[in-house]
Amino acid sequence: QGRFVESGGGLVQPGGSLRLSCAPSGILASAYTMGWFRQAPGKQRDLVASITSGGNTNYADSVKGRFTISRDNAKDTVYLQMNSLKPEDAAVYYCNAVSRTRPVFTSWGQGTQVTVSS
């Protein structure tokens, strides 16, 4: 069962940037498509970005052109660079392995809170 440790969240003003990191354990992350999900209060947890083991990426329409997912297979770490943040990006962000836009593992990390406010 995978375990995930997310970090890098915080409070940022609209238009600002944050870089999230995910350090999976218990799995060889480089063998999986990895993704970042987010969940705002009262809403479902949605996939916002994914990256295959070969580096192909996909993004939700709401974050295209603003967010960039990347991975360092040597460090077994996945990143999410978030630029031009908007108040609607505020959520708890989680990472997980991904299969057909669905999370692979049922266990989630604690997530990292992103707050976008002036």
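Refer to the structure above for everything that follows.
Computed from a predicted structure; not experimentally measured.

**With respect to the overall build of the protein chain**
Reasoning step 1: The number of helices and strands found in the protein chain is zero helices and eleven strands.
Reasoning step 2: Computed over the C-alpha atoms, the radius of gyration of the protein chain is 13 Å, within 12% of the 13 Å expected from 2.2 N^0.38 for a compact globule of 118 residues.
Reasoning step 3: Taken along the three principal axes of its C-alpha coordinates, the protein chain extends 40 × 25 × 25 Å.
Reasoning step 4: Counting only residues that meet the buried cut, the protein chain has 41% of its 118 residues in that class.
Reasoning step 5: Taking contacts inside the protein chain between residues at least 6 apart in sequence as the whole, the part at least 24 apart equals 55%.
Reasoning step 6: Here the protein chain holds 12 positive side-chain charges and 7 negative ones, and the gap between their average locations is 3 Å.

**Remarks on the state of the cysteines**
Reasoning step 1: Scanning the entire structure with this criterion turns up one disulfide.
Reasoning step 2: Between C22 and C95 runs a disulfide, and the two sulfur atoms are separated by 1.8 Å. Taking the sign of the S-S torsion, about 55 degrees here, the bridge from C22 to C95 comes out right-handed. Linking C22 in strand β3 (residues 18–25) with C95 in strand β9 (residues 91–99), this pair joins segments that are 73 residues apart in sequence.
Reasoning step 3: Relative accessible area serves as the criterion here: at 1%, C95 is assigned to the buried category.

**Description of unusual backbone geometry**
Reasoning step 1: Here the phi dihedral of D76 falls at roughly 55 degrees; this positive angle occurs in a residue that is not glycine.
Reasoning step 2: Mapped onto the elements of the fold, D76 is located in the loop between β7 (67–72) and β8 (77–82).
Reasoning step 3: For D76, a relative accessible area of 18% corresponds to the buried category.
Reasoning step 4: For T101, which is not glycine, the phi dihedral falls at a positive 70 degrees.

**As for the side chain of R71**
Reasoning step 1: Positionally, R71 belongs in strand β7.
Reasoning step 2: It is D76 that comes nearest to the buried, bridge-free R71 among opposite-charge side chains, at 5.7 Å.
Reasoning step 3: At a separation of 2.9 Å, a polar atom in the side chain of R71 contacts the side chain of N73.
Reasoning step 4: Not counting residues up to four positions away in its chain, the partners in contact with R71 are A29, S30, Y32, T33, M34, I51, T52, S53, T77 and V78.

Cut-offs and rules
- Residues numbered from 1 in each chain as written.
- Predicted model: local features only at pLDDT ≥ 70, side-chain atom pairs only at ≥ 80, totals over all residues.
- Heavy atoms only, no water.
- Helix = DSSP H or I, 4+ residues; strand = E, 2+ residues; numbered from the N terminus.
- Rg over C-alpha atoms; globule rule 2.2 N^0.38 Å.
- Buried < 20%, exposed > 50% of the residue type's maximum accessible area, 1.4 Å probe, protein only.
- Contact = heavy atoms within 4.5 Å.
- Lys, Arg positive; Asp, Glu negative; His and termini not counted.
- Charge placed at Lys NZ, Arg CZ, Asp CG, Glu CD.
- Disulfide = S-S within 2.5 Å.
- Salt bridge = Lys/Arg side-chain N within 4 Å of Asp/Glu carboxyl O.
- Polar contact = N/O pair within 3.5 Å; in protein donor to acceptor, adjacent residues only side chain to side chain.

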